[in-house]
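Notes for the structure review
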Amino acid sequence: MKETDTDVLVVGGGPAGLSAALFAQKNGLETVCFDTDETWMHKAHLFNYLGVGSVDGSAFMETARSQTDSFGVDRVGADVTDVSRTDEGFLAETEDGPYAGRYVVLATGANRDLAESLGCAFDGDLVDVDVTMETSVEDAYATGAMVRNEEWQAIISAGDGAAAALNVLSKEKGEHFHDFDVPADADAVFASMSEE
Ligand SMILES: Cc1cc2nc3c(=O)[nH]c(=O)nc-3n(C[C@H](O)[C@H](O)[C@H](O)COP(=O)(O)OP(=O)(O)OC[C@H]3O[C@@H](n4cnc5c(N)ncnc54)[C@H](O)[C@@H]3O)c2cc1C
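In every chain, residue numbers begin from 1 and rise along the written sequence. Since the coordinates come from a predicted model, pLDDT governs what is reported: local features require at least 70, and pairs of side-chain atoms require 80 or more to be given and counted, while whole-chain, interface and lining totals use all residues.

**Remarks on the overall build of the protein chain**
Rules: Each helix corresponds to a stretch of at least 4 residues labelled H or I by DSSP, and each strand to a stretch of at least 2 residues labelled E; elements are numbered beginning at the N terminus. Exposed residues have 12 or fewer other C-beta atoms within 10 Å of their own C-beta, buried residues have 20 or more, and partly exposed residues fall in between, where C-beta atoms are placed from the backbone. Here contacts are defined at the residue level, using C-beta atoms placed from the backbone and a cut-off of 7 Å between them.
Secondary structure summary: the protein chain contains five helices and eleven strands in total. Taking the principal axes of its C-alpha atoms as reference, the protein chain extends roughly 45 × 35 × 35 Å. Taken over 196 residues, the protein chain has a buried fraction of 38%. When contacts within the protein chain are restricted to residue pairs at least 6 apart in sequence, long-range pairs at least 24 apart make up 57% of them.

**Overview of the packing of helix 1 (residues 15-26) against helix 2 (residues 57-70)**
Our working rule: Each axis is a line fitted through C-alpha atoms, and for a helix only the stretch in contact is used; angles between axes span 0 to 180 degrees, taken between their N-to-C directions. When describing relative orientation, an angle under 35 degrees is termed roughly parallel and one over 145 degrees roughly antiparallel, while 65 to 115 degrees is termed roughly perpendicular and anything else oblique. The sense of a crossing depends on the near helix, which, turned anticlockwise from the far helix by less than a right angle, makes the crossing left-handed and, turned clockwise, makes it right-handed. Following the grouping adopted for this structure description, the nonpolar residues are Ala, Val, Leu, Ile, Met, Phe, Trp, Tyr, Cys and Pro, the charged ones are Asp, Glu, Lys and Arg, and the polar ones are all others, Gly among them.
Two elements in contact, helix 1 and helix 2, have axes separated by 9 Å at closest approach and are oriented at 20°. Comparing their axes, helix 2 and helix 1 come out roughly parallel. At the point where helix 1 passes helix 2, the crossing takes the left-handed sense. On helix 2, the residues that touch Pro15, Leu18, Ala21 and Leu22 of helix 1 are Ala64, Arg65, Gln67 and Thr68. Among the residues forming the contact of helix 1 with helix 2, the class breakdown is five nonpolar, two polar and one charged.

**Overview of the site of the ligand**
Quick note on the threshold: Placing a C-beta atom from the backbone of each residue, we mark the residue near a molecule or strand if the atom is within 6 Å of it.
Taken together, 33 residues sit near the ligand, with Gly12, Gly14, Glu38, Gly109 and Gly144 positioned nearest. For the shell around the ligand, the elements supplying multiple residues, two or more each, are helix 1 and helix 4 (154-173). Among the residues making up the shell around the ligand, the classes are represented as 15 nonpolar, 13 polar and five charged.

The values are spatial; any link to function lies outside them.
Okay, structure coming up:
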């Protein structure tokens, strides 16, 4: 049985999960993102994702995946069957064995099963979170459709994922954190990508 330790476990690799994974890994947290590739994005064509213009949903996902890969996110094509609390954080069960992480971000779209079995509080049918996306279970976050009633959009899910990761990063750094880059940073980022 394999047990892999990481900083952040992200369950779900749609816009919410990939966004959380990107922000976390880009800012120094080792991140594993599990996905079964059943994102609704495969059925969508985006005209309303600000800054993108018009793009097929699957093509958008391809770009998003290569963007997270370029920062070193470990994307794992596996179904997470359970997430449980441990003394050090969380354990995500997969067919390849469990993965351990200090934080977990649930990004399984409208599927709330893992949030329920982990013991997260609900408000009616929705997982209860505030703007940080943290659930009632400390260091466990919920994002995307599971926290919203029908008001589902890709750009909102991506924002939820970013908010969750920034809250994790704020905890890690001990002060409120934002991920701002300026044009001069681009050369350094591209150089670090080409080294990998
Ligand atoms: C027909 C249609 C058209 C749409 N058109 C638009 C549009 O024009 N504009 C727009 O903004 N939005 C549109 N949407 C909505 C948009 O696709 C969703 O808002 C968006 O995909 C939600 O992102 P998410 O990351 O929250 O969840 P999802 O995209 O659903 O991603 C969840 C991911 O988690 C994975 N997963 C689930 N459970 C597990 C598990 N246990 N282990 C591992 N992986 C798991 C799934 O396989 C999936 O890949 C459309 C949706 C549909 C159905």
